Amino acid sequence: MIPKSKAALEDALNLANEALTNLELIKTSLTAVALKASRLARLLNDPERQRIFQMEASGYPHPPDGYPPEIWKILHVVGRITQEKESKTGEVKTYAYWSSIEELEQTIEMNKARLTAAADPDVSVSSSNPNQFIYNPIGNKFERDAIQKNLLLAIERLSQRRAFLHAYLADTYVELKYSTLSEDVFSRLRQAVDSKISEKVLPAVHKLTAVYENLASENPENWANAVHSCRRLLQDLADTVFPPTEPIIKTINSKAKTISMGKNNYINRLIAYIESKSASKRFQDIVGSNLSFVGDRLDAVFQSVQKGSHSEIVDRMEADRYVVYTYLLVGDILSL
């Protein structure tokens, strides 16, 4: 869930990069990384993930009568479920561990210290009786085995928590990085087109403002209005670069064809302008084809709304696409 504002997007990207670096280079505790992941989820408007990472850092609720269904489901999602086979009955039982990441970290450190303290003293046992068998004392072997078992279990579980956090942070970082690159690309295109439009097609500046405002709205009718603004923008551009004129005759597939160049034939006029300015047949074909497609769709939306029909009202994603298409076309045309 990508944040709407560019500032929030940049903050989230920087935080994801920082948390991922801390995790991969082990610059801080895993608890601190989990709290950063929680903050990242908050910036991304993801309360469910935020709550999960908070419980990863503080521990999961574990009432004496068992886990609530909601918590049990989350424990499955985050990979805290284990299965053990009963030695006597052979029955496989499912368990979950609720320990916080901080508790796992402290358990590892304490068991390392206990393992050192449980080392056997360096002693030598001997007897003056040459016929007596001497055995070294058993020492703390059983204690060390128990400590080592607990230590390895805590290390295994902490490694699972590290992998879980890394998967989230890495995926989120890539998604945010891609979103930033896409926005940067469109921002550069928009700035270049806006500056050219303000120089050559001054009336279109107000239509650009209307496009931005309508796209930001939550009202579907305003998204259709954004598409209408794109249509009017292309009309203004056509009036500037190729004003209405008498029909022209073109030879297409060895046949003469009359092409209307009136006020409402703005697509025809823009294609004629492209053909008059570009010597590249490839450029003419590509831009002309895209222009015809976008123009036909803009006209269809306009006409359906004029008739009171809602069947052709666009959704927000489609409106976004046509705004981008329009910018690309205007940029290509004004580059001639």
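Residues numbered from 1 in each chain as written. Predicted model: local features only at pLDDT ≥ 70, side-chain atom pairs only at ≥ 80, totals over all residues. Heavy atoms only, no water.

(A) Representation of the overall build of the protein within the structure. Each helix and strand counted, the protein has eleven helices and four strands in total. Put simply, the protein has 336 residues, and 35% of those count as buried. Within the protein, residue pairs in contact and separated by at least 24 positions form 62% of the contacts whose partners lie at least 6 positions apart. Surface accessibility of the protein: about 20300 Å² in total, with carbon and sulfur atoms responsible for 53%. (Helix = DSSP H or I, 4+ residues; strand = E, 2+ residues; numbered from the N terminus. Buried < 20%, exposed > 50% of the residue type's maximum accessible area, 1.4 Å probe, protein only. Contact = heavy atoms within 4.5 Å. Areas by Shrake-Rupley, 256 points an atom, 1.4 Å probe, with all protein chains shown as cover.)

(B) Inspection of the nonpolar core at higher detail. Judged by nonpolar contacts, the single largest core of 38 residues is most densely connected at L30, L40, Y60, L165, Y168, L169 and L176. Of all the secondary-structure elements, those providing two or more residues to this core are α1 (6-24), α2 (30-43), α3 (47-58), α4 (69-77), α5 (101-117) and α6 (141-200). Beyond its immediate chain neighbours, meaning those up to four positions away, Y168 contacts A37, L40, A41, L44, R49 and F53. Formed by 28 residues, the second largest nonpolar core is a distinct cluster that contains I197, L208, L233 and I267. (Core = buried A, V, L, I, M, F, W, Y, C linked by side-chain atoms within 4.5 Å.)

(C) How the structure looks around the packing of aromatic side chains. A full pass over the atoms with the stated rule returns three aromatic pairs. Ring geometry for F53 against F164: centres 5.8 Å apart, planes inclined by 40°, an arrangement best described as tilted. Highlighted residues: F53 in helix α3 and F164 in helix α6, separated in sequence by 111 residues. The pair formed by F53 and F164 is uniform in burial state, with each residue classed as buried. An angle of 35° between the planes, with centres 5.8 Å apart, marks the rings of Y67 and W72 as tilted. Given a relative accessible area of 23%, Y67 falls into the partly exposed group. Taking relative accessible area as the criterion, W72 reaches 28% and is therefore assigned partly exposed. Through successive ring pairs, a cluster of aromatic residues spans F53, F164 and Y168. (Phe/Tyr/Trp six-rings, centres within 6.5 Å; stacked < 30°, edge-to-face > 60°.)

(D) Inspection of the packing of α2 against α5 at higher detail. The geometry of α2 relative to α5 is characterised by a closest axis approach of 8 Å and an angle of 170° between their N-to-C directions. If you check the angle between α2 and α5, you find them roughly antiparallel. For the pair formed by α2 and α5, the contact residues are L30, T31 and A34 on the first element and I101, E102 and E105 on the second. Each residue belonging to the contact of α2 with α5 can be placed in one class, and the counts come to three nonpolar, one polar and two charged. (Axes fitted to C-alpha atoms, helices over the stretch in contact; angles between N-to-C directions. Parallel < 35°, antiparallel > 145°, perpendicular 65-115°, else oblique. Nonpolar A, V, L, I, M, F, W, Y, C, P; charged D, E, K, R; others polar.)

(E) A look at the environment of V78. Relative to the assigned elements, V78 resides in the loop between α4 and β1 (81-85). Sequence separation between V78 and L165 is 87 residues; the distance between their C-alpha atoms is 9.5 Å.

Geometric descriptors of this kind do not, in isolation, establish any biological role.
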